[in-house]
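# Examination of the molecular architecture
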Amino acid sequence: MNDWLFLGLAAAAGIAMAVQGSLNGALGKVVGVLEGNFLVHAIGLFVVAALLFVCGLGKGDLSKVSEAPWYLYLGGVMNVLIIFGVMAAIAKTGAGNATTAIITGQLAMAMLIDCFGWFGLQQAPFTWSRGAGLLLMGVAAKLLLT
């Protein structure tokens, strides 16, 4: 598959994240942020379990779970932090402001991960053009938040 297909998939995921964050923020206002976080994860677990075990859609091998380095499982902890942060921020600051901060932080961290090749990912050196892009993103974020 070509890169444009995957970039389109990433854009669709970004759209879904904005909708999800807004839904989660509204849910957090009704039932509480931590309680909403629990519900979102419970529903997600049910859906993934159904896809794997009922629909048979998985193509991986869960028997290899012990082969992954321990730190790769921190993604589960990060999910709780992400959903909690998104729910709380959107509920208090609105979807646009929260998403601006989320995307800016996400891009800055992603560039660090790429630069150092952390977590076994392919290294992508930091360049002046990427630095300028990040700086412009920061300026755009400032303009969006004022």
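Higher on the page you've got the structure.
None of the values given here were measured: they were computed from a predicted structure.

Definitions and limits used
Residues numbered from 1 in each chain as written. Predicted model: local features only at pLDDT ≥ 70, side-chain atom pairs only at ≥ 80, totals over all residues. Heavy atoms only, no water. Helix = DSSP H or I, 4+ residues; strand = E, 2+ residues; numbered from the N terminus. Buried < 20%, exposed > 50% of the residue type's maximum accessible area, 1.4 Å probe, protein only. Phe/Tyr/Trp six-rings, centres within 6.5 Å; stacked < 30°, edge-to-face > 60°. Expected span 1.5 Å × (residues − 1). Arc of directions from axis to C-beta. Contact = heavy atoms within 4.5 Å.

### Some details on the overall build of the protein
- For the protein, the count of helices and strands is five helices and zero strands.
- The helix and strand sequence of the protein, counted from the amino end, reads α-α-α-α-α.
- Structurally, the protein occupies a C-alpha span of about 45 × 40 × 30 Å along its principal axes.
- Expressed as a percentage of the 146 residues in the protein, the buried residues total 14%.

### Examining the packing of aromatic side chains
- This model, assessed by the stated rule, comprises three aromatic pairs.
- Ring geometry for Tyr71 versus Phe119: centroids 6.3 Å apart, planes at 40 degrees, classification tilted. Taken together, the residues Tyr71 in the loop between helix H2 (33–54) and helix H3 (74–93) and Phe119 in the loop between helix H4 (95–116) and helix H5 (128–145) connect sequence positions 48 residues apart.
- Ring plane angle 15 degrees and centroid distance 5.3 Å describe the contact between Phe116 and Trp118, whose orientation is recorded as stacked.
- Trp118 gets classed as partly exposed once you look at its relative accessible area, which sits at 33%.
- An aromatic cluster is defined as three or more aromatic residues linked by ring pairs; in this entry it consists of Trp70, Tyr71 and Phe119.

### A word on H3
- Here H3 is 20 residues long and its end C-alpha atoms lie 28 Å apart, about the 28 Å a rise of 1.5 Å per residue gives.
- Within the span of H3, buried status applies to Ile83, Val86, Met87 and Ile90. For H3, the angular spread of buried residues about the axis comes to 95 degrees, placing them on one side. When the buried face of H3 is taken as reference, the exposed residues oriented beyond 90 degrees from it are Val77, Leu81 and Lys92.
- Where H3 is buried, its residues meet helix H1 (3–31), H2 and H4.
- Of the residues trailing H3, Gly94 is marked for its positive phi of about 95 degrees.

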